[in-house]
Structure formats: structure tokens, C-alpha cells
Amino acid sequence: MNNDGRPDPDALLEKVQRNEAQAARGKLKIFFGACPGVGKTYAMLSAARVLREQGRDVVVGIVETHGRSETARLLEGLNYLPPKRVNYQGRELAEFDLDAALARKPALILVDELAHSNVAGSRHPKRWQDVEELLAAGIDVYTTVNVQHLESLNDIIGGITGVLVRETLPDRVFEQADEVTLVDLPADELLQRMKEGKIYLPQQAERAIRSFFRKGNLIALRELALRRTADRVDAQMREYRADQSISQVWQAKERLMVCVGPGDDSSRLVRSAARLAASLHADWLAVYVETPKLLRLSEARRDKVFRTLRLAQELGAETTSLPGSELVPTLLTYAQERNVSKLVVGKSSRSMLARLIRPSPADQLTSQVDMDVYIVGHHPEQSAHEALSSAPELTLKAPPREKRAGYAWAAAACATTTLAAAGLVNIFDLANVIMLYLLLVVLISIRFGRGPGIFASLLSVGAFDFFFVDPRQSLTVADTQYLFTFALMLVVALVISNLTASLHYQARIARYRERRAESLFEAGKVLSSALTAGQIIKDGSVRLAGVFQSQVAILLPDSHDKIRQPVEGDHGDNLLTELDLGIAQWAYDHREPAGLGTHTLPASPVLYQPLRAPMCIRGVLAIRPSDPRLIFQPEQQRLLETFAAQIALALERVHYVEVAQGALVNMEAERLRNSLLSAISHDLRTPLTGLLGLSAALVGRSGNRMDEELAEAIHAQALRINALVINLLDMARLQAGGVTLNKHWQPIEEVIGSSLRSYKESLAGHRVETRLPGNLPLVAFDAMMIERVLDNLLDNAVKYTPDGTLIMVQASTHEDELEVSVSDEGPGLPAGMEESIFEKFTRGERESSRPGVGLGLAICRAIIQAHGGRIWAENRHEGGAVFRFTLPLGTPPEFNEEETEGS
Amino acid sequence: MPGSSDVHVVLIEDDKPIQRFLRASLEGKGIAMFVAETGRQGLIETGTRKPDLLIVDLGLPDMDGIEVIRHIRAWSGLPIIVLSARTQEGDKVAALDAGADDYLSKPFGVAELMARIRAHLRRRDQAPGSTEQSFRFGDTVIDFSGRLVTRGLLPVHLTPTEYRLLVVLARNAGKVLTHRYLLHEVWGPSYAENSHYLRIYMRHLRQKLERDPTQPKHLITETGVGYRLIITD
């Protein structure tokens, strides 16, 4: 396979993407310790002080000193962000102020205790989520973590110390940290420090030593911390080797699948799988197979399954729940589909005998599969605690049951059957009466399910016994073989009702899937034919509201990337109006879901799902389900994401249709404008040429002074019209926008010389001087356009200044631009007109005999602005006006200077 | 200009007033003019009248003026002056690249046209003598045989490229040379896109040969089109 030593291209790409993502992010440094008191905060503050002295902008976000004087001393002289005072159940608590930190935006911020849980009602439930946001904002963070807070080690440490920590940190946060520094202290020294009161205040210390800080605990914790750090170093080494292509053996990536059940220790199973996946560097899936049997579990147990799946998601797994009639085949089919190489299952807690009769899933799997199967041991006492604090609590209520009717029906049917049988008993044999009751039980089971079925069978047995079996009118049975009949009836009722329940379930699943496929298909059809964003919003939200039984709103950003309140009337009846645009904006900016059931502001009743399209986020989908379960089952979640993706795609499609249409219209307009302009310019210039030529030919021909003067006047007027036509055409072209500049790198003196030459005759009455350094850099500009600017400026100077005065053209470079000026010795600009003369149809004098309509300077400004420069006018101290314009310098193309000596 | 009507000019132009004033002006200066209203007729006139110079309007009713120039260049080297009312410089460059020697933008003055005609006729007269030993403009003299350039008797040091550029301009004095043509002639075909080289070397030449490099009298910029060497001011 890949044994040629070349790095895998996908891995390289992944690395590049990772590097890019990291470049903009802040860096996270974790001071990692085995237990409280080893000196993490002390080490963090010391490191921060060093950076502070080097001039870094260091701010203390929040630091717990726990009354330790050594640590408190280190805080002196550091900038401290005032904590947010939060009132919680009558107590005032100091919390880290995330918004203040983001607003302050220091280079480095210190945030102690990464695993800390925020007070309810904060933006994020956990402090590490605050830190993620700080990192995303490009702020470096120093923080501290104890080994017992790592999610995957949580239960192991709980087992060792007997103290279960409820505040946990997902391992991925730890693994993705840019730097981890181990703060280590041998157990004896730690205990010594503790006795000296350096860690806890004396009375606390006494208690702590007796419970948590036993020497055995401390050694075990220290070992775990060291080993965890070593693992990280090992991973870094491996990454380094992958980068350097030292690795000769390429291992196919493992994929691990854990099968989650409703058992008590399923969360433990998931944690074990997470650890295994991490050590194998494997992707992993967590799967729950919902068989008919499992479907009958209580609501509480089912919620537990979903919570376990969410925990798996937290720990980095992809989660799925699969409907299927049999556990093992469903599991295996899925495993094969997903190329799973290793299976993790829980050990069965049933007795050997039970397993002989019916093998446990684990036993079945081991006998049927050719992949590795890991069986995780059973520790029932562990599972009493559930450290699921990071999974948001969902309040799930049981759906209303309408089974009571079934029991009533069963009783009524039983009574009817008994009456009918009483009439028939003289004609029929008793066996047939039993058949009648059996039919009743079957019908009730089919119609109303198991409970009423069993109820009906019991009633039937009772009624049959009471009314038809001798002795009648009594529940005693003379013939023992009737006991067998009763038992048979019960068994039949149970079997039938189980069968029907499973049929019902399959039918329901099939219906549900069909509905899902149909709703997706329908949505796809409608969304793909929608022509406007409004239509997409309307159809999309109506469909979503139906499928998820929710109130829905689709929020779109405006041109400044700010999420807008939806327009009323767009959505129909299900419009969600109680929106928090702040959360929606957060979801849009961070490209992550927020609100209900997420990590960000989970207390909100509305889920904000970003509409992610291939090119960018197109908006935010706000959904307020009538029952959170409708959204948070894995399939429903996936369905919602699919819907969101479809809507986003449709929005993107409409967007690009609009862009394409706009471009087409622009192109067409541009084409039309160009052909119109060149037609007009040809049609105007050709007769003007005739007029000018003819009048010029007339001059000096007749010899009559009167005629001569008339011919000269005609010639002069024709010239004026010509100047006007040129300006009007220029203005029309510039005004229409989309002027394409024909830029080349060239020296400015060329166009200055060219312009002066073409104005030679008009300039004859003036003295003209140029002051241009010989080594001006090349500048990229459209020579024709800049020559028009100079023409206009020279024309102005000639028009507004008396003969014999000086006109000076200068150029020089300032920083990153070239400045060109045309100055004169005329009367100067009227006060206050320096800016307005660049407006269209504005002239220095209101009424004037001088030709021109005031377009020249407006044209100049349009041209210079198109070049990215500035143009302005001012009066000179020594009298006269000066017009200046600038052009950006840029980097001229390479030029290889020829050797000066010829060869 | 001698008053003889030995000089024949063919004008291909469909606009009557322009025909009329050109006829009035040119014939007053002793130049015989034949007018063709369409491109096709122009080709016939040029073939039969054997003119000394051709003036072509780019906007003709039956065919593009550039087409006309290409047809004539296929068999004749006579001077061609283009009249253009189009605003885009690209058309002028295309006409020059097709073989025209000069262009005038409408509206133009008769004096300017006459100056151009004179310049091109003189160039034509000198054409056989392109093996001349020296070339003079202003106070600058190029000695082709000795590869020497002097300005007011003082030798001017030019790099080989500067010299090559100056020779190309001098050999085509009076004619508008496009950027592309100059780059191709001086630097070779691979430099066609490096017009900044040409501009930098023109700056060097001007600094060495013009009295005021910012207001050149001989090494003239034709903005957006190319350069031209003018012998007299």
C-alpha cells in the first residue's frame, strides 16, 4: 500500500486545514496536575508574570487562590478582570465575565479551573466552553486542569478515590490544547505542604487528609496524570513522524463501534469505548438498536439511552439509533456498511443458565463475527452516579396514554361473548365455546395490544370457568384438564399480543420512515422549484413546522451579516415570534447550533440551527418544538440537519441565480452602452470633422475680412462643440460605471509630455514649466484616462488664468502614492468652492463667457477614483490655485537592468 | 512642397463634407485627390491610380477599414494614414498593426493632416536610401556604420538595447510604431507583454537625447498606442 514513504495526501490536507484553523485561533496552554494543591495556579501565574515583563498584554480572567497566600502574592501587579457577580439562589457568586473578556481582547488571559461549571443562566454551562469562545476570538488562554476532571478518566478515578467528581472536561478539549505543562509534586511533599496549611485552611486540611488526600490516592492520581501527559507526548511524537514521513508502515484507520443498551452501566461502556478509540486513534460510532422489546421500556430508561448517546457524542462519537427486529443482525449489517473494524459490547449480567437458553448479544456476536470484539466488564455499583452534567437536561414528559379504552373494550367484549356463549352452550360443545373466547382474546390483542389482551384472556378464563365449567357459578374447577385450557388461553393471548405489538411496531417504523422520506422528498421538490428566498422561507417553515410539530422561523442575514427579524406574514400560522436575535446571531457567527439542548444558552426554549450551505452560512433556522424529544432523538436530529441543509442549499441556489442574472443584465447593459456610445461618438465626430475642416478651409480663402472673421467664429464654435462632445461622452462612459481600466506600468512623465504636446497651441500664451524627478517609479494606470485628467486640468488653468502667467506641472512620491499637481498663478479658487468644483455642472463662476459646462473636473474625479487615488484643489499661499491628484504606487513588475557596458 | 500635382492621394471616406474639405485643402496645396466612397471602390482606385499615399476612414459602409489596409499591404508599401472617429485606442493599434503608418483622430485639423502627409512622402522618398550612413534629428546624429550617436558633436553613450531601439525608431521616422512592434523588433517575440521594458528604455533615451525629457520634441509618446520619432519640431 502506502509504503513508499510519501505522506498520505488526505492526511496532509487535514494537517494544512488544521494549521489554518489554528493560525487564527488563540493558543490554549493547560497547567495539568494530579490533584489540588500541586501548584498549578502558582505555575500559571509565574509563567504569566514572565510574559507580562516581556511586554505581553496579560489579563487575569479569573483565579481561585483558595486563600493560599503564596498564590495571592503572585496576583499583585497583574491586570485583573472584575468578576461578574451572579445571584444564585440567594447567594452571590463570582463568575468569569466572558463578555468583558471578549470586549477587552487581551493577548493572553488566565482562566483558572477549566472544568468549572458556570452558574445556571450563564451563556455556556461550562467554563471550557467560555474558553473555546475566547480561543475562537484569537485570545491566548492559560488554564489549569486536574486529572480527575477528565471525562474519560472520571469513573476510574471515582473508583480509586471513592469521590466522584461531577465537573468534567471532554477529553477532546485537553487533547486539542496547544501546550500541556505537567505540574508535578511527589505525594509526601504534597502532604507536607498540606500539613503546613499551605493548601487548605487548617480545619479543612484535616478533613481533606482523612478523605481524599490519602497517600494511596495521591500516588494513583499522580500516576494517571503522568501517564496521560506521556500519552500526549507520544501522540505529538507520532504526529511529528507523520509530518516527517518517517513512518514506514501505513496503518488503515480503525473504526470502532460501541453498542449502547438500556443497561445501567452503558455510560461506563461508552467511556471505555472512548478511551479505547483515543488510544487507537480511531473514529468511533455509538449505536443503539431499538428492537420491539426495547421499545417497551419505560420512558425513563429510554431517556437514559438517549442521554448515553449524547454522552457518546460529547466524547466524540457519531451516534445512531437503528430500528430493527433483532439486535445482532441489525448491528452486524450496520457495522459492515460502515467498515467497522472493532466492536465494543457490554458483558452480559445474566446467569450462565439464562445464557444457555438464549445467548446474550455478546455471545452471539463473538460467534458470528470476524472482527475484533471487546467485551467490557460489568460494574453495577458504579452506575449509580451519572456524571452527565454536561449533557443538557431535557424535560421529557410521557405521551398521554389511551390504553384505558382498550381495557373497557376487553371487558365489554368479554361480557358480550359470555352472553352469546350462554345462548349457544346448549347447541355447541364446550370446546367451541373456548374457541369463541380465544377469538375474542386474539381480536382484543390485535386491536389494543398486550395489556388489554392479557386482561381479556384473564376475564375470558374467569368467565368461562364461572359460567360454563362445572361446577357452574363458581370459580372452582372439577376437571383438572380445564386448568390446562386456562394456561393455554393465557399463553395464546401473550403470544398473539406480542406478535401484534411487534407488527404494530414494524408498521409504525415503516410508516415513520415513509413519512420521513416523503417529507424530505416533498421538501426537496418544493425547495428546488422555489424561485425566491421568500418562497423558500415560507415553504420550508411550513413543512418543518409540520414534521417536527414545532414553531419555526427562518432568519436571514442582511448585507452586514446581521440577522434580521423575519417579516410577518412570511410564515403562516406557525411563525415563531419570541426570538432572541442575539442567540441567532451567535449561531450564525460561530456556525454552530445554539439555544435549546446545545452547549450555548441551553435554557432558551428555541433551538437555533445555522443553515450551512457549501459556500457559507445562509441564515439561521429557529425552531421551538412542542416536545424537545421530537428534535433530540438522533434520527430526528439528523432529519432536522438534512432539512436545514436543504433549505440552505435552496437559499444558496436562489442567491447564485440572482447573482448570475445580475451579471447577465450588467453584461448586456455594458454591451448596449458601449455600442451606443461608439455609435454616438462616430455620428457626432464625423460631421464635426466636416464642420471644422470646412470652416478651416474657408479661412484665408475669400480675402474678405468679414467672411474671414465669420469663418473663424464658426471654427471656434465647432471646437467648443467638439470639447463638449468629448466631455459628455467621457462622463457618460464613466457615469455608467464598470469602466475597465487599461492599466499598464509606465512613467507618469510620458502622459504629462503627451498632454502638454496636445495642448501646445492653447498653452502658447502661457509659460509652462515641469518639475519631474528623473527617477520617478513606474505606476500602473490607464494612460488615456490620466491624459484626459491632465488635459482637463491644463484646460482649466488656461481658461481661468491670464496670458503670460506660469503653469507648473510637478510630480513626486509620498509614502505609497505618486502625487501630481498642476498649479497656476491665476486668481485662485473662490473661497469655499474647493470641494464643490468637482461636482457635475459646477463652475468657478456662475455666469461666464468662458466655454465649458463644468464637467471637466467631475470627469477627473471619476477617473482618479477609479484608479484608487484622490484628487483635490486648494489655493496657494503665494496666489493661484493648485490641483493635485494621487495614484497608488504598488509594486512594479520585475525589470532586469541591462549591463551598462555594451558587449 | 513643390507645387507640382505629381502627388496623387486616394481618399477612402464615405462622409461627403469631409471629402469636400479635404479636396479643397489638398488641391489648394497641389495634391491631386481621388475619392472612393466604399472600401471595395477604394481598393480598385488604389490599384489603378497608383497613388503616392492613401487616406482611409476606419468606418466604411461596406467593409472594415482595417480589412482594406490588409488587402493593400498584401501588395503595396505605400504610406497609409488612417482617420478614426472611434474612441477605443484598440482600433488604432489594430490598424497600425495591420500596416497603417499613421492615424488621425476625428476631428482633426488640416494643418496637422498636411504635416503628416509631408512627413510620410519624405519618408517614402528616403526609403531607398535606408542604407544611408547616418541619420539626423534635432542636434542628434546617428552614425550607423560606426554605431555611434553624437549630440551636438559630443558622443552619447547608449547601451546596446537603447541603440537598437533608437535605430528602429529612426528607420521608421515619422511613422507611429506600436508598443508591440517595438518590443518585437528590439527585444524579440517573447517580450510582447513586457511593455514596461520599452517604457523604461524610452525614458533613458529621452534623458540622453532630449533637451527637456518631460516635454520631448522628437521621441514622442502616442498615448495608448506607441511611439514615434519626429525629425523636425
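Please refer to the structure higher up on the page.
**Re the overall build of chain A**
Summing up its helical and strand segments, chain A has 28 helices and 24 strands in all. Relative to its full complement of 903 residues, chain A shows a buried share of 44%. Sequence-distant contacts, at least 24 apart, represent 70% of the contacts inside chain A between residues at least 6 apart. Accessible area of chain A: about 46,000 Å², with a carbon and sulfur share of 55%.

**Digging into the interface of chain A and chain B**
With 46 residues of chain A at the interface, the matching set in chain B holds 42 residues. On the surface where chain A and chain B come into contact, there are 3 salt bridges. Between R206 of chain B and E750 of chain A there is a salt bridge, and its shortest N-O distance comes to 3.6 Å. Applying the counting rule to chain A against chain B returns 8 residue pairs in polar contact (both at pLDDT 80 or more). Put simply, the parts of the chain that give the side of chain A that touches chain B at least two residues each are α24 (634–698), α25 (705–735), β18 (743–746), α26 (748–758), β19 (767–771) and α27 (783–800) of chain A.

**Side note on α27 of chain A**
An ideal rise of 1.5 Å per residue puts 26 Å on 18 residues; α27 of chain A measures up with 26 Å between its terminal C-alpha atoms. Counting buried positions over the 18 residues of α27 of chain A gives 14, a clear majority of the element.

**Focus: the sheet that holds strand β2 (residues 58–62) of chain A**
Residue and element names in this part refer to chain A. Taken in spatial order, the 6 strands of this open sheet run β3-β2-β6-β7-β1-β8, and their pairing is parallel. Whereas interior strands pair on both sides, the edge strands pair on one side only; in this sheet they are β3 (79–80) and β8 (179–183). Here 4 bridges tie β2 to strand β6 (residues 108–111), and the two strands are oriented parallel to one another. From the neighbouring strand, I62 faces β6, where its bridge partner is V111.

**Structural notes on empty space enclosed by the protein**
Residue and element names in this part refer to chain A. Throughout the structure, instances matching the rule amount to 5 cavities of 30 Å³ or more. Here the second largest cavity defines a volume of roughly 70 Å³. Lining the second largest cavity are 14 residues, and of these A34, V38, D184, L185 and R222 lie nearest its centre. Residue assignment for the lining of the second largest cavity shows that the elements contributing at least two residues are β8, α8 (187–195) and α10 (215–244). Here the element with the most residues in the lining of the second largest cavity is α10; it accounts for 3 residues.

**A look at the nonpolar core**
All names here are of chain A. In terms of nonpolar packing, the biggest core is built from 59 residues, with I30, F32, F96, I109 and L134 touching the most fellow members. Dropping the residues within four chain positions of it, I30 is found in contact with L114, T143, V145, V173, F174, A177, E179, V180 and T181. By size, the runner-up hydrophobic cluster in this structure holds 45 residues, among which are M731, Y759, L763 and V820.

**Some thoughts on a nonpolar patch on the surface**
Together, Y407, F455 and L459 of chain A line one region of the surface with nonpolar side chains, adding up to about 220 Å² of accessible area. The topology assignment puts F455 of chain A in helix α19 (residues 450–467).

**A few points about helix α8 (residues 195–209) of chain B**
Between its first and last C-alpha, α8 of chain B extends 21 Å over 15 residues, near the 21 Å set by a 1.5 Å rise per residue. Of all 15 residues in α8 of chain B, 13 are buried, a share of seventy percent or more.

**Points about unusual backbone geometry**
The residue after K106 of chain B, namely P107 of chain B, is reached through a cis peptide bond having omega -5°. In this structure, P107 of chain B sits in the loop between β5 (102–105) and α5 (110–126). Non-glycine residue D561 of chain A carries a positive phi angle of around 65°. Mapped onto the elements of the fold, D561 of chain A is located in the loop between β14 (550–555) and α22 (581–590). For L601 of chain A, which is not glycine, the phi torsion reads 50° and is therefore positive. Relative to the assigned elements, L601 of chain A resides in the loop between β15 (594–595) and β16 (607–612).

Calculation notes
Residues numbered from 1 in each chain as written. Chains lettered and ligands numbered in written order. Predicted model: local features only at pLDDT ≥ 70, side-chain atom pairs only at ≥ 80, totals over all residues. Heavy atoms only, no water. Helix = DSSP H or I, 4+ residues; strand = E, 2+ residues; numbered from the N terminus. Buried < 20%, exposed > 50% of the residue type's maximum accessible area, 1.4 Å probe, protein only. Contact = heavy atoms within 4.5 Å. Areas by Shrake-Rupley, 256 points an atom, 1.4 Å probe, with all protein chains shown as cover. Salt bridge = Lys/Arg side-chain N within 4 Å of Asp/Glu carboxyl O. Polar contact = N/O pair within 3.5 Å; in protein donor to acceptor, adjacent residues only side chain to side chain. Expected span 1.5 Å × (residues − 1). Pairing = 2+ DSSP bridges. 1 Å grid on protein atoms, 1.4 Å probe; cavity = no way out; pocket = protein on both sides within 12 Å on 5 of 7 lines; lining within 4 Å. Points joined across faces, edges and corners; volume = space filled by probe spheres on them. Core = buried A, V, L, I, M, F, W, Y, C linked by side-chain atoms within 4.5 Å. Patch = residues over 30% accessible without salt bridge, like charges linked within 9 Å, V, L, I, M, F, W, Y side chains within 5 Å.

All we've got here are geometric facts, nothing functional implied.
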